[in-house]
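The chain contents come next:
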Amino acid sequence: MNQHSKGNSKTKAVILIMVIVLAGSAGAWYWLMYKPEQEAKEKARLEQIAKEAAEQKRKEQAARKKVRYDKLLEEADTEFKQSNWEAALSLYTEASSLFPDQKYPQDQLILVNVKLDEKAALEANIAAGIVESVLSPVGRYFVIVSSSVDGDLAKDYAIKLAREGNNVKILEPNANAMNNLFHRVSVGDYSTWDEAVNASTVYSSNGSEVWVLKY
């Protein structure tokens, strides 16, 4: 009986040891292999979600940026056509800052800066009462407000008009052109007849004798 009891105790001890070993192995596998692997998978899943969200956000920002760029160019082109150089400069500059590699706004900025330089030079001439002389035909339409055979008289009148803020030019006599006798004072010159005629109404409404001359 005692021998039988001892055998049972020994068997139970072996079983207990096996259970402890198995439990330890299972615990080691769970904590050292399974759990780290699951955590790594979860981390990778979250990183992928974050990456996809970041890419989606980038695409949305790029789309909004392109819409803003197109709108700026549309507004800038409108201002350019209307000769609003300062406004065009600001709009083209902002558009170029959004896409620095785009050539169109950069080319337009060059043109706008040329126009602004011309405007500044014209304003400086006006402020100083400087009058430009046109010595030969240039194919433009001039708004004429005075015509005189006396060059000094024409120049004095032109300087007076220039100091009043007008863009004044004198069409000097030219033996090879129709203007071979008179010094004609112009307060504006334009590329088309209609533009010149429209501009001339400003002066004719003041009672001045005004006409348009292609020269």
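Being a predicted model, the structure only gives us computed values, none of them experimental. (Residues numbered from 1 in each chain as written. Predicted model: local features only at pLDDT ≥ 70, side-chain atom pairs only at ≥ 80, totals over all residues. Heavy atoms only, no water.)

Student: Go over the nonpolar core, please, and point to the residues and values.
Tutor: Residues Val-131, Val-143, Val-145, Ala-158, Leu-161, Val-168 and Val-185 are the most contacted members of the largest nonpolar core, which totals 16 residues. Of all elements in the fold, only β2 (141-148), α4 (151-163), β4 (183-190) and α5 (193-204) reach the threshold of two or more residues within this core. Looking at this core, the element that brings in the most residues is α4, giving 4 residues. Excluding its chain neighbours within four sequence positions, the residues that come into contact with Val-143 are Val-185, Ser-186, Val-187, Gly-188, Tyr-190, Ala-196, Ala-199, Ser-200, Tyr-203, Val-210 and Trp-211. Grouped together as the second largest cluster of nonpolar side chains are 14 residues, Leu-72, Ala-76, Phe-99 and Val-112 included. (Core = buried A, V, L, I, M, F, W, Y, C linked by side-chain atoms within 4.5 Å. Buried < 20%, exposed > 50% of the residue type's maximum accessible area, 1.4 Å probe, protein only. Helix = DSSP H or I, 4+ residues; strand = E, 2+ residues; numbered from the N terminus. Contact = heavy atoms within 4.5 Å.)

Student: Lay out the pattern of salt bridges in plain terms, naming residues and giving numbers.
Tutor: It is possible for side chains bearing opposite charge to pair when their charged atoms get close. This model, assessed by the stated rule, comprises 13 salt bridges. Residues Asp-189 and Arg-140 are paired through a salt bridge, measuring 2.6 Å at the closest nitrogen-oxygen approach. Of this pair, Asp-189 sits in strand β4 while Arg-140 sits in the loop between β1 (132-134) and β2, and the two are 49 residues apart along the sequence. Given a relative accessible area of 12%, Asp-189 falls into the buried group. (Salt bridge = Lys/Arg side-chain N within 4 Å of Asp/Glu carboxyl O.)

Student: How would you sum up the environment of Leu-153? Please name residues and give values.
Tutor: Within the fold, Leu-153 resides in helix α4. Given the relative accessible area of 52%, Leu-153 is considered exposed. Each C-alpha atom, one on Leu-153 and one on His-183, is 9.1 Å from the other, the two residues being 30 residues apart in sequence.

None of the figures reported here should be taken as evidence of function without further support.
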